[in-house]
Amino acid sequence: MRLGRTARNCHARVFINTAAALALLAPPLRPARAQNRPTIDGSPAPVSPAVITRDAAQRATVRAIKLAERLKVDGVLDEAVYTREAPFGGLIQVAPDAGAPASERSDLWITYDDRNIYLSCRCYDGSPPAEWIVNELRRDTGGLRNNEHIGILFDTFYDRRSGFAFYTNPLGARADYSIVDEGGSNTDWNPVWTSKTGRFDGGWTVEMAIPFQSLRYRAGTNQVWGVQIRRSVRHKNEWDYLTPVPRILAGPQALNRVSAGGTLVGLDLPETGRNIEAKPYVVSRMSTDRLRTPVVNNRIGNEIGGDLKYGVTPNLTADLTVNTDFAQVEIDEQQVNLTRFSLFFPEKRDFFLEGRGIFDFGRGGNGALSASSGSDTPQLFYTRRIGLDNGSVVPIDVGGRLTGKVGKYAVGLMHIGTEGDAAVRARPTDFTVVRLKRDVLQRSSIGAMFTNRSVATSGTGANAVYGVDGAFLLTQALNAGAYWAQSQTTGTSGTNGGAATGNDQSYQARVDYSVDRYGAKADYLAVGRDFDPQVGFRRRADFNRSFAELRFSPRPTDQTVVRKVTGTASGEYVESGAGQVETRIWRGHADVEFASSDVVALDVTSDYEFLRQSFTPSGAPTAIAPGAYRFSDVALSYAFGAQRRASGMIRGQVGRFYDGTIRSLSIGPGGSFATSRIAILQQLAVEPSFAITSVARPSGSFTTRLARARVDYGFSPLMFASALLQYNSADRAFSTNLRFRWEYAPGSELFLVYTDERDVRNDRYATPTTVRGLKNRAVVVKLNRLFRY
């Protein structure tokens with residue numbers, strides 16, 4: 001049932017009172033002059049240059065140009081400022097020839113008025129336009145960074161840790177994201193901004209207008225920001241930056257190294273105002289669900305709701321959501337599970353994606369906690385625990401979030417109430433997450449986190465988890481990190497006869513040394529038997545894991561054909577809490593990256609697994625019995641560069657699999673290649689993937705097939721249609737997801753969505769409870785509108 005008005009008001013009052021308290025704790029904001037504010041290393045801020053100056057390390061200081069009147073953003077670059085003010089340039093390669101001047105000239109201007117900050121560029125290119133790689137119109141797609149493009153990052157609080165990035169290609173397609181503590185980019189941050197492009201004989205032009213209202217910053221005269229500019233001359237596989245970046249970051253990812261950016265001075269910034277955004281929505285849907293009891297057939301419903309965003313301070317934002325709806329979100333990509341552990345599905349819902357970097361625990365920020373522990377590291381906060389239960393949607397009644405910084409402290413608070421759903425046995429539940437993190441040293445941090453679920457997954461009692469973590473950048477190449485966490489759940493205890501055993505705890509320590517030519521990493525991870533983060537994700541319990549890896553990746557002197565050769569060797573050793581060896585894996589990897597950005601790779605794995613209990617891989621007719629197994633396999637892959645008209649990876653694998661053999665062939669994304677893509681037209685692209693795996697065992701053989709095709713058509717940078725078609729033979733399911741999105745006004749959208757899932761098994765595989773044919777279907781029309789005050 002829905003929460004009553006009293007319950008809703010209680011949720012809102014708790015959230016608003018907390019936001020107000022934190023606002024009072026924030027230090028008063030005073031306009032600061034550039035000459036009085038030190039840089040991150042304690043030296044005085046630079047004096048405004050004529051246009052650009054560089055120090056001995058080639059770090060740039062750029063003067064922003066204040067405009068008396070607004071630019072007409074049309075991509076033409078015919079305003080008087082472009083002749084009156086000299087441009088700056090001098091971009092520096094990070095690839096292929098690190099440290100060399102960019103092969104193509106870029107004339108750049110950073111200007112601003114009382115509403116917007118602008119980046120303008122005349123991007124010269126001596127190659128014919130037919131050779132340019134320009135085939136993406138969608139917003140925020142990974143394919144855009146594999147086009148010719150120009151982008152900028154603003155470190156608006158000049159803390160050398162976090163920032164906002166914007167980039168566009170010659171078609172005017174837009175992408176944007178935010179970065180917290182130099183961690184992973186949050187591409188689901190979608191501010192309002194504009195980009196227009198044009199062509200001239202010898203290159204292309206761009207004008208980008210970013211409203212100050214879309215950013216968080218300090219108001220006042222002579223403000224100082226951090227800045228980095230990236231240009232990709234993609235048909236040459238060349239990456240250029242305003243200031244030098246570490247060579248190991250060769251490619252698009254160097255933009256996220258906020259601390260490597262330059263300095264932007266001469267900013268007289270307007271007051272931030274009220275910074276209130278309201279986004280109401282109305283949705284109409286017709287749904288069918290034959291898996292529910294009672295069955296739902298063509299039920300028509302209408303709903304209203306919305307989101308409210310309020311800038312408590314320039315760097316602290318409160319969000320309130322009421323009757324939250326995610327009908328426009330793309331469905332999950334299907335997976336085949338051949339392991340004995342749970343699958344992990346990424347979050348796709350906008351409300352939970354925005355600001356997520358602050359809630360990272362024990363794995364994010366400053367690059368200090370790498371992915372060496374893979375998916376075995378538990379997550380204290382996994383947003384899909386909220387509003388979803390075993391794949392079914394549980395309505396969210398009301399929720400609030402407060403994120404940002406108060407001085408040196410990063411703050412993240414979230415409280416959300418779900419209604420419950422008797423059909424899936426989900427009770428009304430309150431979820432609470434508190435995250436506090438303090439900046440220490442130049443780019444390090446320490447923090448604490450608390451999560452609480454008012455109704456545990458068992459249906460009685462509650463679940464709470466608390467922990468502390470740290471991420472330390474000891475040098476530009478040496479990172480370290482650690483965390484400790486403990487859970488408390490009704491019915492379990494980490495004590496035995498009054499003596500603590502640590503069964504309800506988890507902890508980890510990691511170290512990573514990484515330069516372009518060499519690398520080494522090691523970590524130790526422990527997860528107790530009763531450690532249970534029920535607002536998080538735990539793939540495996542009751543184990544202690546040790547991991548180590550060495551890397552050697554030289555670059556040849558002549559990079560005409562081969563750009564880089566990489567070899568890694570790693571070992572993984574896992575014991576149960578009782579000391580039983582459960583996993584021992586040795587891996588060897590070698591790859592060659594060509595100048596074209598194609599990569600050929602070879603992987604060899606030797607595995608030992610001890611099964612405490614039997615498990616059944618997806619699609620298998622019989623279970624694999626408990627016991628010890630030794631097996632190995634080899635895989636060969638070839639990945640076509642992401643900038644190619646047809647990109648992706650072809651991978652073949654052959655070897656042993658527990659008590660049998662395995663052979664697989666896959667075509668699609670893999671490794672660092674996030675997607676496989678065929679660009680048919682500038683507006684039309686297909687992202688196909690297919691995997692077939694054949695396992696032969698004494699007790700029965702089986703074959704799984706997983707096919708997926710995503711088709712995208714961009715009518716313009718503001719309008720696109722997409723289709724996601726999937727088939728999974730293990731579940732014998734075929735699903736369709738059709739979406740149309742039109743941004744009819746800045747930040748305001750119309751969505752048309754059709755989704756269905758069908759069981760396509762024949763009678764031989766059917767059971768008395770099988771729902772054959774259509775399982776569920778939905779047709780949705782959703783309209784929202786952004787109001788800014």
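Up top is the structure these notes are about.
First, a word on scope: everything that follows refers to the structure included in this document. Think of each chain on its own: its residues are numbered from 1, step by step along the sequence as written. Per-residue local features are limited, in this predicted model, to residues with pLDDT of at least 70; the limit for side-chain atom pairs, both in listing and counting, is 80 or more; totals at the level of whole chains, interfaces and linings are taken over all residues. Only hydrogens and water are set aside when side-chain values are computed; all heavy atoms of the structure are taken into account.

**Some thoughts on the pattern of salt bridges**
- By salt bridge we mean one thing: a side-chain nitrogen of Lys or Arg within 4 Å of a carboxyl oxygen of Asp or Glu. Following the criterion strictly, the structure yields 51 salt bridges and no others.
- Linking Arg 138 and Asp 712 is a salt bridge whose minimum nitrogen-to-oxygen distance equals 2.5 Å. One end of the pair, Arg 138, is in the loop between strand 6 (116-124) and strand 7 (149-155); the other, Asp 712, is in strand 40 (residues 702-716), and 574 residues separate them in sequence.
- Here Arg 138 falls in the buried class, since its relative accessible area comes to 10%.
- A relative accessible area of 4% places Asp 712 in the buried class.
- Arg 644 is the partner of Asp 598 in a salt bridge, and the nearest nitrogen-oxygen pair spans 2.8 Å. With a gap of 46 residues between them, Asp 598 in the loop between strand 33 (581-594) and strand 34 (599-611) and Arg 644 in the loop between strand 35 (627-640) and strand 36 (646-657) connect regions that are remote in the sequence.
- Relative accessible area decides the class of each residue, using a 1.4 Å probe on protein chains only: under 20% of the type maximum gives buried, over 50% gives exposed, and in between gives partly exposed. Given a relative accessible area of 3%, Asp 598 falls into the buried group.
- You can call Arg 644 partly exposed: its relative accessible area is 34%.
- By sharing partners, the salt bridges in this structure join Glu 136, Arg 138, Glu 330, Glu 333, Arg 677, Glu 687, Arg 708, Arg 710 and Asp 712 into a single network. By the criteria applied, helices consist of DSSP H or I runs no shorter than four residues and strands consist of E runs no shorter than two, each listed in order from the N terminus.

**Overview of the sheet that holds strand 5 (residues 106-112)**
- For two strands to count as paired, DSSP must find a minimum of two bridges between them. Taking strand neighbours across the sheet as the criterion, the 5 strands line up as 3-5-6-12-11 in an open arrangement whose pairing is mixed. Both outer strands of the open sheet, strand 3 (65-66) and strand 11 (194-200), are each paired with one neighbouring strand and no more.
- As judged from the 7 bridges shared by strand 5 and strand 6, these two strands associate in the antiparallel manner. Across the sheet, residue Ile 110 finds its bridge partner in strand 6, namely Leu 119.

**Re the side chain of Thr 111**
- Along the polypeptide, Thr 111 turns up in strand 5.
- The buried category is assigned to Thr 111, whose relative accessible area is 0%.
- Any two residues having at least one pair of non-hydrogen atoms within 4.5 Å are treated as being in contact. Apart from residues no more than four positions distant in its own chain, Thr 111 is found in contact with Ile 65, Leu 67, Leu 71, Val 81, Asn 116, Ile 117 and Tyr 118.

**What about the packing of aromatic side chains?**
- Think of it this way: a Phe, Tyr or Trp ring, Trp meaning its six-membered ring, pairs with another when their centres are within 6.5 Å, and the plane angle makes it stacked under 30 degrees, edge-to-face over 60, tilted otherwise. Overall, the coordinates contain 28 aromatic pairs when judged by the stated rule.
- Seen from their ring centres, Tyr 82 and Trp 109 are 4.9 Å apart, and the 75 degrees between their planes marks the pair as edge-to-face. Here Trp 109 lies in strand 5 and Tyr 82 lies in helix 2 (residues 81-84), a separation of 27 residues in the sequence. Take Tyr 82 and Trp 109: they sit in the same class, and that class is buried.

**Digging into the pairing of strand 31 (residues 543-552)**
- Across the two faces of strand 31 the burial differs, with Phe 543, Arg 545, Phe 547, Glu 549 and Arg 551 buried and Asn 544, Ser 546, Ala 548, Leu 550 and Phe 552 not buried at all.
- Here strand 30 (residues 518-527) runs beside strand 31; their pairing, made up of 10 bridges, is antiparallel. Bridging from a neighbouring strand, Tyr 518 pairs with Phe 552 of strand 31.
- The pairing of strand 31 with strand 32 (residues 562-576) spans 10 bridges and is antiparallel. By the bridge assignment for strand 32, Phe 543 is matched with Ser 576.

**Some details on a nonpolar patch on the surface**
- A patch consists of residues exposed above 30% relative accessible area that lack any salt bridge, with like charges linked at up to 9 Å and nonpolar side chains (Val, Leu, Ile, Met, Phe, Trp, Tyr) linked at up to 5 Å. Surface accessibility in these figures is a Shrake-Rupley result with a 1.4 Å probe; residues are shielded only by whichever protein chains are displayed. Taken together, the side chains of Leu 602, Val 604, Val 634, Leu 636 and Val 654 make up a nonpolar region of the molecular surface, amounting to roughly 380 Å² of accessible area.
- Those elements giving two or more residues to the nonpolar patch turn out to be strand 34 and strand 35.
- Leu 636 gets classed as exposed once you look at its relative accessible area, which sits at 51%.

**Some words on the nonpolar core**
- We call a set of buried residues a nonpolar core when its members are Ala, Val, Leu, Ile, Met, Phe, Trp, Tyr or Cys and they connect through side-chain atoms within 4.5 Å of each other. Counting 38 residues, the largest nonpolar core has Ile 110, Ile 117, Trp 225 and Leu 264 as the members making the most contacts within it.
- Elements with a minimum of two residues in this core: strand 2 (60-63), strand 5, strand 6, strand 7, strand 8 (163-168), strand 12 (203-211), strand 13 (220-233) and strand 15 (262-269).
- Apart from the residues lying within four places of it in its own chain, the contact partners of Leu 264 are Val 62, Arg 63, Ala 64, Ile 110, Ile 117, Phe 154, Gln 223, Val 224, Trp 225 and Val 227.
- Formed by 24 residues, the second largest nonpolar core is a distinct cluster that contains Val 329, Ile 416, Leu 525 and Phe 543.

**Focus on the pairing of strand 36**
- Where strand 35 lies against strand 36, 8 bridges are found, and the strand directions are antiparallel. Paired with Phe 640 across the bridge in strand 36 is Gly 648.
- The turn joining strand 35 and strand 36, which pair antiparallel and follow one another in sequence, is formed by 5 residues.
- As paired elements, strand 36 and strand 38 (residues 677-679) share 2 bridges and run antiparallel to each other. If you follow Ala 646 over to strand 38, its bridge partner there is Ile 678.
- With 9 bridges connecting them, strand 36 and strand 37 (residues 660-668) associate as antiparallel partners. Note that in strand 37 the partner of Gln 653 across the bridge is Ser 664.

Everything listed here is a matter of coordinates, which is why it stays silent on function.
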